[in-house]
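Below are the chains, spelled out letter by letter.
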Amino acid sequence: VTWGHSSYGGGSSSVSASLSSGVASVSGNTYAFAAVKGDGSVVTWGTSSYGGGSSSVSASLSSGVVSVSGNNYAFAAVKNDGSVVTWGDSSYGGDSSSVSASLSSGVVSVSGSGREYSFAAVKSDGSVITWGVSTVASSYGVAALLSSGVVSVTNNCLYCQLFEVVAPTSISGSCAPSGQPTGRPTGPSGQPTGEPSSQPTGRPTGQPTGQPTGQPT
């Protein structure tokens, strides 16, 4: 059952028949949802360009999907053969062609960064593969430590856009007093060098029409 702003996934009438039974789990980003069914297929709805539309990868999502992870603008699905399928905004992790060879097998889990710009996949050999906006997906000089022994990956605060990993030698990222991790490259505005200065083209810029603007009287 879905409700809320119809353009952002609150309305699911277009896929209601597919959601009437057999759904095992649902993952959401800001603008869309993806449901994994018991038969391993995935049903998506919401804003098409941010993952609500998955026609470009529909054949890959028709069976064998184990889990789906989302950031704000895209989704990544892990399949039972250890491969990863991505869709949504290509600039923010929806396109993983640059690392497709590394994501073709052996992936155990995928995490989205701070719900915004990128993804990180942990492989069965303990290595980590990242993709999305390069200044966020980049391992910032710790690539050697991410080549083996990693158990899991999660993200920290939305503003910092960093990953934290659980490994034999712990690596973590957190907000420094200034709001940026120590030593992280920054541009004039204090944001990571090369990070987009604007939101993706076409991203909804306002609140849904009719949303309450004040507190109850």
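Quick caveat, the model's predicted, so the values are computed rather than measured.

### Focus on the overall build of the protein chain
Phase 1: Helix and strand content of the protein chain: 1 helix and 11 strands.
Phase 2: The linear arrangement of helices and strands in the protein chain, starting from the amino end, is β-β-β-β-β-β-β-β-β-α-β-β.
Phase 3: Within the span of the protein chain, comprising 217 residues, buried residues form 46% of the whole.
Phase 4: At a minimum sequence separation of 6, the contacts of the protein chain that also span at least 24 residues come to 44%.
Phase 5: A total accessible area of about 10800 Å² is found for the protein chain, and carbon and sulfur atoms account for 51% of it.

### Brief notes about the sheet that holds strand β7 (residues 107-112)
Phase 1: What the 3 strands build is an open sheet, ordered β7-β8-β9; its pairing is antiparallel. Two strands bound the open sheet, and with one partner strand each, they are β7 and β9 (128-132). Taking the axes of each pair of neighbouring strands and ignoring which way they run, one obtains an average angle of 20° across the sheet.
Phase 2: Examined bridge by bridge, strand β8 (residues 118-123) and β9 share 5 bridges and lie antiparallel to one another. Residue pairing in the sheet places Ala120 in a bridge with Thr130 of β9.

### A word on the side chain of Ser54
Phase 1: Inspection of the secondary structure puts Ser54 in the loop between β3 (42-46) and β4 (65-70).
Phase 2: The exposure class assigned to Ser54 is buried, which follows from its relative accessible area of 11%.
Phase 3: A distance of 2.8 Å separates polar atoms of two side chains, one belonging to Ser54 and the other to Thr44.
Phase 4: The contacts of Ser54, once residues within four sequence positions are left out, are Thr44, Leu61 and Trp87.

### A few points about the pairing of β4
In regular strands, side chains alternate between the two faces of the sheet.
Phase 1: Of the pairings in the sheet, the one linking β4 to strand β5 (residues 74-79) comprises 5 bridges and is antiparallel in character. Bridge pairing in β5 places Ser67 opposite Val78.
Phase 2: Connecting β4 to the next strand, β5, in antiparallel fashion are 3 residues.

### Regarding the confidence of the model for the protein chain
Phase 1: Considering every residue of the protein chain, the mean pLDDT works out to 77; 67% of them sit at 70 or more.
Phase 2: The lowest-confidence element of the protein chain is strand β11 (residues 163-166), averaging 54 in pLDDT; the highest-confidence one is strand β6 (residues 84-88), averaging 98.
Phase 3: The low-confidence segment residues 168-217 (pLDDT under 50) makes 73 contacts with residues lying over four places distant or belonging to another chain.

### Topic: the sheet that holds β5
Strand pairing within a sheet occurs via backbone hydrogen bonds; the two strands may be parallel or antiparallel.
Phase 1: What the 3 strands build is an open sheet, ordered β4-β5-β6; its pairing is antiparallel. Of all the strands in the sheet, the pair left with one neighbour each is β4 and β6. For this sheet, the mean angle separating the axes of adjacent strands, direction not counted, is 20°.

### Description of the layout of surface pockets
Phase 1: When its volume is computed, the second largest pocket comes out at roughly 220 Å³.
Phase 2: In terms of lining, the second largest pocket is formed by Val1, Thr2, Trp3, Ser12, Leu19, Val23, Val26, Phe33, Ala35 and Trp45.
Phase 3: Every element with two or more residues in the lining of the second largest pocket is listed here: β1 (23-28) and β2 (32-37).
Phase 4: A breakdown of the residues in the lining of the second largest pocket according to their chemical character gives 8 nonpolar, 2 polar and no charged.

### Re the environment of Thr130
Phase 1: Along the chain, Thr130 falls in strand β9.
Phase 2: Sequence-wise, Thr130 and Ser102 are 28 residues apart; in three dimensions their C-alpha atoms are separated by 9.8 Å.

### Examining the packing of aromatic side chains
Phase 1: Counted according to the given criterion, the structure contains 9 aromatic pairs.
Phase 2: Ring geometry for Tyr8 and Tyr31: centres 5.4 Å apart, planes at 75°, overall edge-to-face. Placement of Tyr8 in the segment before β1 and of Tyr31 in the loop between β1 and β2 is noted, with a sequence separation of 23 residues between them. In this structure, Tyr8 and Tyr31 share a single accessibility class: buried.
Phase 3: Pairing Phe119 with Trp131 gives two aromatic rings, centres 5.6 Å apart and planes at 25°, and the pair type is stacked. Of this pair, Phe119 sits in strand β8 while Trp131 sits in strand β9, placing them 12 residues apart in sequence.
Phase 4: Given a relative accessible area of 2%, Trp131 falls into the buried group.
Phase 5: Three or more aromatic residues joined by ring pairs make a cluster, and in this case those are Tyr8, Tyr31, Tyr50, Tyr73, Tyr92 and Tyr117.

Analysis parameters
Residues numbered from 1 in each chain as written. Predicted model: local features only at pLDDT ≥ 70, side-chain atom pairs only at ≥ 80, totals over all residues. Heavy atoms only, no water. Helix = DSSP H or I, 4+ residues; strand = E, 2+ residues; numbered from the N terminus. Buried < 20%, exposed > 50% of the residue type's maximum accessible area, 1.4 Å probe, protein only. Contact = heavy atoms within 4.5 Å. Areas by Shrake-Rupley, 256 points an atom, 1.4 Å probe, with all protein chains shown as cover. Pairing = 2+ DSSP bridges. Axes fitted to C-alpha atoms, helices over the stretch in contact; angles between N-to-C directions. Polar contact = N/O pair within 3.5 Å; in protein donor to acceptor, adjacent residues only side chain to side chain. pLDDT = per-residue confidence, 0-100. 1 Å grid on protein atoms, 1.4 Å probe; cavity = no way out; pocket = protein on both sides within 12 Å on 5 of 7 lines; lining within 4 Å. Points joined across faces, edges and corners; volume = space filled by probe spheres on them. Nonpolar A, V, L, I, M, F, W, Y, C, P; charged D, E, K, R; others polar. Phe/Tyr/Trp six-rings, centres within 6.5 Å; stacked < 30°, edge-to-face > 60°.

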